[in-house]
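The chain contents come next:
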Amino acid sequence: SKGDEEEEANDDDNKKRRKLQAIAYANTRVIEVYAHNDEMRVSKYTTAFDCVMETISIMNYVSALYENAFYPDIEIVLKEIGYTDKGATDPWGTVQKGACVLVECATDEVSSDILLTKATNWKSSSGNSTLADADVLSVLSGHNFDGGTIGLAYTGGACKGYGVNVNEVNPANSLRSVSYTHLTL
């Protein structure tokens with residue numbers, strides 16, 4: 001009958017599709033990430049949407065790097081992407097160029113240490129429940145960091161409540177900075 005033929009065709013289609021797998025929580029550590037693009041990074045794009053799309057690509061790359069690399073497995077889940085509009089002040093305030101703490105820096109560089117501290121304070125006091133509940137805040141910054149730094153994070157952060165990292169992201173190092181520096185595990 002025609003109904004049986006349609007059902008059989010649907011069964012064939014289902015066999016060709018990739019089914020989502022449930023996470024084996026006994027063997028997996030899920031890290032929820034809130035990624036925020038600062039004003040300096042957003043201002044380098046034609047639209048904020050373009051910046052957000054690249055952020056998704058970067059986070060997919062990071063997730064792939066962590067896949068099957070550790071035991072227990074680490075599953076990176078992008079909880080939300082935030083950004084600061086062009087011309088607006090970042091939610092943690094401004095970071096002054098040329099005013100570095102631990103190392104000397106050029107007049108066009110910002111202190112990654114100061115940005116990390118400000119971002120950490122913002123995460124804990126923002127009142128944004130999605131941000132507060134995320135295991136990790138990843139700041140993707142368009143600033144030039146001090147002394148050749150491309151990223152800074154607290155070690156063991158996601159497990160101890162200090163899950164914040166700052167990453168210098170530009171076309172020359174976008175994937176390298178976020179992948180090497182830190183999903184603060």
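## Examining the overall build of the protein
Okay, step 1: Broken down by element type, the protein carries 7 helices and 7 strands.
Okay, step 2: Along the protein, from the amino end to the carboxyl end, the secondary structure elements read α-β-α-α-β-β-α-α-β-β-β-α-β-α.
Okay, step 3: Relative to its full complement of 185 residues, the protein shows a buried share of 39%.
Okay, step 4: Within the protein, contacts between residues separated by at least 24 positions form 71% of all contacts whose residues are at least 6 apart in sequence.
Okay, step 5: In the form shown here, the protein has an accessible surface area of approximately 10,500 Å², with 49% of it arising from carbon and sulfur atoms.

## Some thoughts on the packing of aromatic side chains
Okay, step 1: Under the criterion given, the structure shown has 2 aromatic pairs.
Okay, step 2: With centroids separated by 6.2 Å and ring planes inclined at 75 degrees, the aromatic side chains of Y34 and W122 adopt a geometry described as edge-to-face. In this pair, Y34 is assigned in strand β1 (residues 28-37) and W122 in helix α4 (residues 112-125), connecting sequence segments 88 residues apart.
Okay, step 3: Residue classification places Y34 among the buried positions, given a relative accessible area of 4%.
Okay, step 4: Between the aromatic rings of W92 and W122, the centroid separation amounts to 5.5 Å while the plane-to-plane angle is 65 degrees, which identifies the pairing as edge-to-face.

## Things to note about the sheet that holds strand β7 (residues 164-168)
Okay, step 1: Here we have 5 strands laid out as an open sheet, ordered β2-β1-β4-β7-β6, and mixed in their pairing. At either margin of the open sheet sits one strand with a lone partner, and together these are β2 (73-83) and β6 (151-153). Each neighbouring strand pair of the sheet contributes to a mean axis angle of 20 degrees, computed without reference to strand direction.
Okay, step 2: Where β1 lies against strand β4 (residues 136-141), 5 bridges are found, and the strand directions are parallel. What sits directly across from V33, in β4, is V136.
Okay, step 3: The strands touched by helix α3 (residues 48-66) are β1, β2 and β4; relative to β2, the strand with the most contacts, the crossing angle is about 170 degrees.
Okay, step 4: Packed onto the sheet, α4 meets β1, β4, β6 and β7 and runs at close to 135 degrees relative to β7.

## Some words on the environment of G82
Okay, step 1: Take G82: it is sitting in strand β2.
Okay, step 2: Measuring from C-alpha to C-alpha, the distance between G82 and A35 comes to 6.2 Å, with 47 residues separating the pair along the chain.
Okay, step 3: Not counting residues up to four positions away in its chain, the partners in contact with G82 are Y34, A35, H36 and N37.

## As for the nonpolar core
Okay, step 1: Residues L137 and V166 are the most contacted members of the largest nonpolar core, which totals 15 residues.
Okay, step 2: For this core, the secondary structure elements donating two or more residues are α4, β4 and β7.
Okay, step 3: Residue contacts for V166: discarding those within four places in its chain leaves S112, L115, L116, A119, V139, F145, I150, G151 and L152.
Okay, step 4: By size, the runner-up hydrophobic cluster in this structure holds 12 residues, among which are I58, M59, Y66 and V136.

## Describing the pattern of salt bridges
Okay, step 1: Here the structure, examined in full by the defined rule, presents 2 salt bridges.
Okay, step 2: As a salt-bridge pair, K79 and E32 come within 3.3 Å of each other at their nearest N and O atoms. On the criterion of sequence distance, the pair formed by K79 in strand β2 and E32 in strand β1 is long-range, its members being 47 residues apart.
Okay, step 3: Accessibility expressed as a relative area gives 27% for E32, which makes it partly exposed.
Okay, step 4: When the shortest N-O distance is used, the salt bridge between E54 and R41 registers 2.7 Å. Here R41 lies in helix α2 (residues 39-42) and E54 lies in helix α3, a separation of 13 residues in the sequence.

## Details of the environment of V164
Okay, step 1: You can see V164 is positioned in strand β7.
Okay, step 2: Between the C-alpha atoms of V164 and Y34, which are 130 residues apart in sequence, the distance is 9.5 Å.

Rules behind the numbers
Residues numbered from 1 in each chain as written. Predicted model: local features only at pLDDT ≥ 70, side-chain atom pairs only at ≥ 80, totals over all residues. Heavy atoms only, no water. Helix = DSSP H or I, 4+ residues; strand = E, 2+ residues; numbered from the N terminus. Buried < 20%, exposed > 50% of the residue type's maximum accessible area, 1.4 Å probe, protein only. Contact = heavy atoms within 4.5 Å. Areas by Shrake-Rupley, 256 points an atom, 1.4 Å probe, with all protein chains shown as cover. Phe/Tyr/Trp six-rings, centres within 6.5 Å; stacked < 30°, edge-to-face > 60°. Pairing = 2+ DSSP bridges. Axes fitted to C-alpha atoms, helices over the stretch in contact; angles between N-to-C directions. Core = buried A, V, L, I, M, F, W, Y, C linked by side-chain atoms within 4.5 Å. Salt bridge = Lys/Arg side-chain N within 4 Å of Asp/Glu carboxyl O.

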